[in-house]
Structure formats: structure tokens, C-alpha cells
Amino acid sequence: MALIEMKGVNKKYHRSTTALRNMSISVDQGEFVYIVGPSGAGKSTFIKLLYREEKLTKGSLKVGKFNLAKLKKREIPLLRRSIGVVFQDYKLLPNKTVFENVAFAMEVIGEKPRVIKKRVAEVLDLVGLKHKMRSFPDQLSGGEQQRVAIARAIVNNPKVLIADEPTGNLDPEISWEIMQLLERINLQGTTVLMATHNSHIVNTLRHRVIAIEDGRLVRDEEEGEYGYND
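Analysis parameters
Residues numbered from 1 in each chain as written. Predicted model: local features only at pLDDT ≥ 70, side-chain atom pairs only at ≥ 80, totals over all residues. Heavy atoms only, no water. Salt bridge = Lys/Arg side-chain N within 4 Å of Asp/Glu carboxyl O. Buried < 20%, exposed > 50% of the residue type's maximum accessible area, 1.4 Å probe, protein only. Pairing = 2+ DSSP bridges. Helix = DSSP H or I, 4+ residues; strand = E, 2+ residues; numbered from the N terminus. Core = buried A, V, L, I, M, F, W, Y, C linked by side-chain atoms within 4.5 Å. Domains from an automatic or database assignment. Contact = heavy atoms within 4.5 Å. Axes fitted to C-alpha atoms, helices over the stretch in contact; angles between N-to-C directions. 1 Å grid on protein atoms, 1.4 Å probe; cavity = no way out; pocket = protein on both sides within 12 Å on 5 of 7 lines; lining within 4 Å. Points joined across faces, edges and corners; volume = space filled by probe spheres on them. Nonpolar A, V, L, I, M, F, W, Y, C, P; charged D, E, K, R; others polar. pLDDT = per-residue confidence, 0-100. Buried area = accessible area lost by both parts, 1.4 Å probe.

Colleague: What's the story with the pattern of salt bridges in this structure? I'm lost.
Modeller: Opposite charge on two side chains allows them to pair when their charged atoms are near. Applying the stated criterion across every chain yields a total of 11 salt bridges. Its salt-bridge partner being Lys 91, residue Asp 89 comes within 3.5 Å of it at the nearest N-O pair. For Lys 91, a relative accessible area of 44% puts it in the partly exposed group. Here the residues in one salt-bridge network are Glu 31, Arg 208 and Asp 220, joined through shared partners.

Right, dumping it as C-alpha cells:
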């Protein structure tokens, strides 16, 4: 069953720049997919379309029950509840503790305090940071901050976890820890889409590879390789 269905999608910026051209991709529930390609190829645009940070210019795009080509502005928060997003630069709130950063994602959808307390403890345990729940972001290492960001992204049980260069700022050893965590989350049934330039990870932990160049889909392989020198 396709969770993400993209057909003939084009994305143009300012009339002249075409970031994506005639993109058609289907991703099933429970898949782990790498999005690869040179810098400026269109990977970030592809990802931003999925959580409606950007709006497609032409074509059709469905994520779960949402038709993003026809999505009303008031429906965007509902879409985003079904999608967790992890960024390269963490985007944690500096004046909130680890617990508060993760809880915030549940508070904004009006979840009850007792439900929040239980669920936040569960995800912090999953990412190995239950002992740091009272710490602030500036008291954590980069790898710990990324794990908090992942906990926040999955706390509302999203169907899809989108990771945009999640190991980009981390050293190799910490990168492997983050990857093991993403693999564990995927094994629990969450679909994972990960944009990355890390060839070693892609070539070692084999999953489906979608390669984008100049806004076009150029390769879609099960257990594929990275295939670039950058």
C-alpha cells in the first residue's frame, strides 16, 4: 500500500528556476529510502513538498490520506502531525529542557499532560536520553541534540519520518549511532525517508536509493549504492 504517491510533479521557483521536473515516485508504508544526489539537485525541494513547506507547481502528491495538490491551509497542521521531520541543525528550543522540547510537539496538538509525560519518557528511553531529560540543549553534545530532535519528531507516532542530512554535522561514530536509531524506528513500522551525502552509510546500510539530478529522478534501486563522489 503506497503511503506516498507522487505523479508528474513539477516545482518551479520564481517562474525561471525549475527545481523538480516530472517526478513520479511511490513509497510504501514501512520502507526505508535514501534520497541522494549532488548539491542543488532538488533533494531539499522534494522533501519540503512532502510536509508542505513548499507547494507543488504541477502534478499530484498524496501523503497518507492527504492530497497535497488540493490541501487547504487549515489542513496543513493535520498533515504535519502524520510526518516527523529531523533537520541537520537540530532546531531545538534553547530555553527548554530536553523533556520540554519533546513535550512541546504534543502540547501544540492539545494532548493531555499525563499522556505527554508517559509518551515523552518512552521516546527519551528509546533514544537513550531519559537520564538527560532535565538538561538544556547547550549542555548536550551534537549527537545527543540530534537524538532529542528525533525523539521530538516521533513522539506523536508519525507514519513518516523525514530526515534531512541528519548526520551532516556529526562525526562518523555518532553518525552510526543515529543511523542505528533510525533503523530501530523503521523496524517499528515508521516509514523513513533520509536525504544524505554520506556515501559510506548508504553503501553499508543498504536500503532503497532514489537519486535526483537536476530536478529529475535518475535512479530508483532496491538496496542501491550511493553512486557519487561528493
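Colleague: Help me understand the pairing of strand E4 (residues 58-63), please; the structure alone is not making it clear to me.
Modeller: Every other side chain in a regular strand lies on the same face of the sheet, so the side chains alternate between the two faces. Sheet analysis places strand E1 (residues 2-13) next to E4, joined by 5 bridges and oriented antiparallel. If you follow Met 6 over to E4, its bridge partner there is Leu 61. Sheet topology places E4 next to strand E5 (residues 66-67); 2 bridges connect them, and they run antiparallel. Residue Val 63 lies in a different strand from E5, and its bridge partner there is Phe 66. From the end of E4 to the start of E5, which pair antiparallel, there are 2 residues, and Gly 64 there has a positive phi angle of about 60°.

Colleague: Looking at this structure, how should I read the nonpolar core?
Modeller: Looking at soluble globular proteins, one finds that nonpolar side chains tend to be buried together. Judged by nonpolar contacts, the single largest core of 43 residues is most densely connected at Tyr 34 and Leu 124. The biggest single contributor to this core is helix H5 (residues 142-154), with 6 residues. The two domains that each donate at least three residues to this core are domain 1 (1-35 + 44-64 + 159-196 + 209-215) and domain 2 (91-158). Apart from residues lying up to four places away in sequence, Leu 124 is in contact with Val 98, Phe 99, Val 102, Leu 129, Lys 130, Met 133 and Ala 151. With 33 residues, the next largest nonpolar core counts Ile 35, Phe 46, Leu 68 and Phe 87 among its residues.

Colleague: Is there a simple way to explain the sheet that holds E4 in this structure?
Modeller: Within a sheet, each strand pairs with its neighbour through backbone hydrogen bonds, oriented either parallel or antiparallel. The strand order across the open sheet formed by 4 strands is E2-E1-E4-E5, and the pairing between neighbours is antiparallel. Edge positions in the sheet fall to strand E2 (17-28) and E5, since each has one partner strand and no second.

Colleague: Sorry if this is basic, but what is going on with the sheet that holds strand E9 (residues 208-213) here?
Modeller: Judged by pairing direction, the sheet is mixed, and its 6 strands sit side by side in the order E6-E7-E8-E3-E9-E10 without closing on themselves. Looking at which strands have only one partner, the edges of the open sheet turn out to be strand E6 (83-86) and strand E10 (216-221). Across the sheet, the mean angle from the axis of one strand to that of its neighbour is 15°, orientation sign disregarded. One ladder, built from 4 bridges, connects strand E3 (residues 32-36) with strand E8 (residues 191-195); its direction is parallel. Along E8, the bridge assignment pairs Val 33 with Leu 193.

Colleague: Looking at this structure, how should I read unusual backbone geometry?
Modeller: Negative phi is the rule for most residues except glycine; trans is the rule for most peptide bonds. One non-glycine residue, Tyr 90, adopts positive backbone phi at about 70°. Locating Tyr 90 in the fold gives a position in the loop between E6 and helix H3 (98-107). According to the relative accessible area criterion, Tyr 90 is buried, its value standing at 11%. Although it is not a glycine, Asp 214 sits at a positive phi angle of roughly 50°. On the secondary structure map, Asp 214 appears in the loop between E9 and E10.

Colleague: Just checking my understanding: could you explain the layout of surface pockets for this structure?
Modeller: In this structure, the largest pocket encloses a volume near 570 Å³. Lining the largest pocket are 19 residues, with Arg 80, Ile 83, Val 85, Ala 105 and Arg 152 sitting closest to its centre. For the lining of the largest pocket, the secondary-structure elements that each account for two or more residues are helix H2 (76-81), E6, H3 and H5. Among the residues forming the lining of the largest pocket, the class breakdown is 12 nonpolar, 3 polar and 4 charged.

Colleague: It is not clear to me how the confidence of the model for the protein chain should be interpreted in this structure. Could you clarify?
Modeller: Predicted coordinates in regions of low pLDDT should not be interpreted in detail. In this model, the protein chain carries a mean pLDDT of 94, and residues with pLDDT of at least 70 account for 100%. By mean pLDDT, H2 is the weakest element of the protein chain at 91, and E3 is the strongest at 97.

Colleague: Honestly, the domain arrangement of the protein chain in this entry has me stumped. Any pointers?
Modeller: Often the size quoted for an interface is simply the accessible area lost on bringing the parts together. Considered domain by domain, the protein chain is made up of domain 1 (1-35 + 44-64 + 159-196 + 209-215) and domain 2 (91-158). Contacts between the two partners involve 14 residues from domain 1 and, on the opposite side, 11 residues from domain 2. Summing both sides of the interface, domain 1 and domain 2 together bury roughly 960 Å²; the carbon and sulfur share of this comes to 72%. Counting across the interface, domain 1 meets domain 2 through 0 salt bridges. Of all the secondary-structure elements, those providing two or more residues to the side of domain 1 that touches domain 2 are strand E7 (160-164) and helix H6 (172-187). The element best represented in the side of domain 1 that touches domain 2 is H6, accounting for 7 residues. Here the side of domain 1 that touches domain 2 is built from residues that sort into 9 nonpolar, 2 polar and 3 charged.

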